[in-house]
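For reference, the chains in residue letters:
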Amino acid sequence: MSEKISVETLRDVPETLLMTLYAKAVEAQHPDPILLDNMAQKIVDRIDYDFGTISLRSVAHVGVMLRAMLIDQSAQSHIDIDPMATIVNLGVGLDTRFFRLSKHQMHWYELDLPKAIDIRHELIPIQQAERYHYIAGSVLDYSWMDEIDAQSRLLFIAEGLFIYLQEEQIKDLLIALTERFPGSYILFDTVGPMIQRSKRVSYNPITRMDASLQWSMIRHKRIEDWDPRLRVDRVWNTQDFRRDRWQAAIAEAAGPIVAKLPMPFVRSLFSLYVVQVRLS
């Protein structure tokens, strides 16, 4: 058996990449999975980490899986429209979306902090190097944009990233992307204010990590007020999908009484969205 890979250098927000990886490994064992990631468990098995310390409650688990599913589906739609599309995955962690999607002839970039990329190199070595690339750097250091060679439709993905940034940082990044890559798109997720404030609540899985949610938004059209070139194309509420899993998850997290409350009120408690913005 090969030696396990240490992840002790991951602290604060970077450590949360282990949470999403573990959630996908757990979901792969479900008889009717929301998302099937056949690589997740293999990667988990190679990491020297006590995954039992991750408090992954059902609500968070279902939300994370539906978020990934919706981003997968939307990204695949972009690739189907333009098989030569360029995808840039911001804050990639140990995500394996490149391997889950039908790739055609697309070019794909994976960006994360140097410590995360170092670990990724050990666990997921680069394949098809002519069109699959790793970039080590901070999303807030815009020099990484110099490495993107976009000759066709360009899609940025920021899954599980913006919720750890300040709103002004997000605004500045979107404007910078618009100026550098006009006509591109970006997919990202947002949470409602209840989830942002829930660091000590059982359905927030990051309570055992030194990370906290910094940003929430439910009025997504407000993004267009940041700059007239930003256009909100689509907003998906994860609670519109797999309601069977949501109902069971909410009952487990908050009790059957809450699970039977009117859906608008429940959404305000457990809202998690995927948003697509066009950078005109």
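Here goes a summary of the coordinates provided.

What counts as what
Residues numbered from 1 in each chain as written. Predicted model: local features only at pLDDT ≥ 70, side-chain atom pairs only at ≥ 80, totals over all residues. Heavy atoms only, no water. Helix = DSSP H or I, 4+ residues; strand = E, 2+ residues; numbered from the N terminus. Buried < 20%, exposed > 50% of the residue type's maximum accessible area, 1.4 Å probe, protein only. Contact = heavy atoms within 4.5 Å. Areas by Shrake-Rupley, 256 points an atom, 1.4 Å probe, with all protein chains shown as cover. Salt bridge = Lys/Arg side-chain N within 4 Å of Asp/Glu carboxyl O. Polar contact = N/O pair within 3.5 Å; in protein donor to acceptor, adjacent residues only side chain to side chain. Core = buried A, V, L, I, M, F, W, Y, C linked by side-chain atoms within 4.5 Å. Pairing = 2+ DSSP bridges. Right-handed = clockwise from strand over helix to strand, strands pointing away. Arc of directions from axis to C-beta.

## Some points on the overall build of the protein chain
Then comes step 1: If you tally the helices and strands in the protein chain, you get 10 helices and nine strands.
Then comes step 2: Counting across all 280 residues of the protein chain, residues that qualify as buried make up 54%.
Then comes step 3: Put simply, of all contacts in the protein chain between residues at least 6 apart along the chain, 75% involve residues at least 24 apart.
Then comes step 4: Carbon and sulfur atoms make up 50% of the accessible area of the protein chain, which totals about 12,500 Å².

## Quick word on the pattern of salt bridges
Then comes step 1: One pass over the structure, following the stated rule, counts 20 salt bridges.
Then comes step 2: Here Asp72 ties to Arg97 by a salt bridge, and the two come within 2.4 Å at their closest N and O atoms. Of this pair, Asp72 sits in helix H3 (residues 58–81) while Arg97 sits in helix H4 (residues 97–100), and the two are 25 residues apart along the sequence.
Then comes step 3: By relative accessible area, which is 0% here, Arg97 ends up buried.
Then comes step 4: Between Arg180 and Asp146 there is a salt bridge, and its shortest N-O distance comes to 2.8 Å. Placement of Arg180 in helix H6 (residues 167–180) and of Asp146 in the loop between strand S5 (132–136) and strand S6 (154–158) is noted, with a sequence separation of 34 residues between them.

## Some thoughts on the side chain of Thr96
Then comes step 1: Counting through the fold element by element, Thr96 comes out in the loop between strand S3 (86–90) and H4.
Then comes step 2: On the basis of relative accessible area, Thr96 is assigned to the buried category, the value being 1%.
Then comes step 3: A polar contact of 2.7 Å, which involves the side chain of Thr96, links it to the side chain of Asp37.
Then comes step 4: At 3.2 Å, the side chain of Thr96 forms a polar contact with the side chain of Arg100.
Then comes step 5: Residues contacting Thr96, with those up to four places away along its chain left out, are Asp37, Met39, Ile43 and Ile124.

## Here we look at the nonpolar core
Then comes step 1: Of all hydrophobic cores here, the largest spans 52 residues; its most connected members are Leu18, Ile47, Ile87, Leu94, Trp108 and Leu123.
Then comes step 2: Ignoring any residue separated from it by four or fewer positions in sequence, one finds Leu94 in contact with Leu17, Leu18, Leu21, Ile43, Ile47, Arg120, Leu123 and Ile124.
Then comes step 3: Within the second largest apolar cluster, 33 residues are counted, among which are Val139, Leu165, Ile186 and Ile223.

## Focus on the pairing of S5
Then comes step 1: In the sheet, strand S4 (residues 107–112) pairs with S5 via five bridges, with the strands oriented parallel. Residue pairing for S5: Trp108 is matched across the bridge by Tyr132.
Then comes step 2: Between the parallel elements S4 and S5, the chain passes through helix H5 (residues 114–123) in a crossover that is right-handed.

## Focus on H5
Then comes step 1: Taken residue by residue, H5 has Ala116, Ile117, Ile119, Arg120 and Leu123 as its buried positions. Along H5, the residues classed as buried sweep out an arc of 160° about the axis, all on the same side.
Then comes step 2: Among the structural elements, strand S1 (5–6), helix H1 (17–27), helix H2 (40–45), strand S2 (47–48), S4 and S5 are those in contact with the buried residues of H5.

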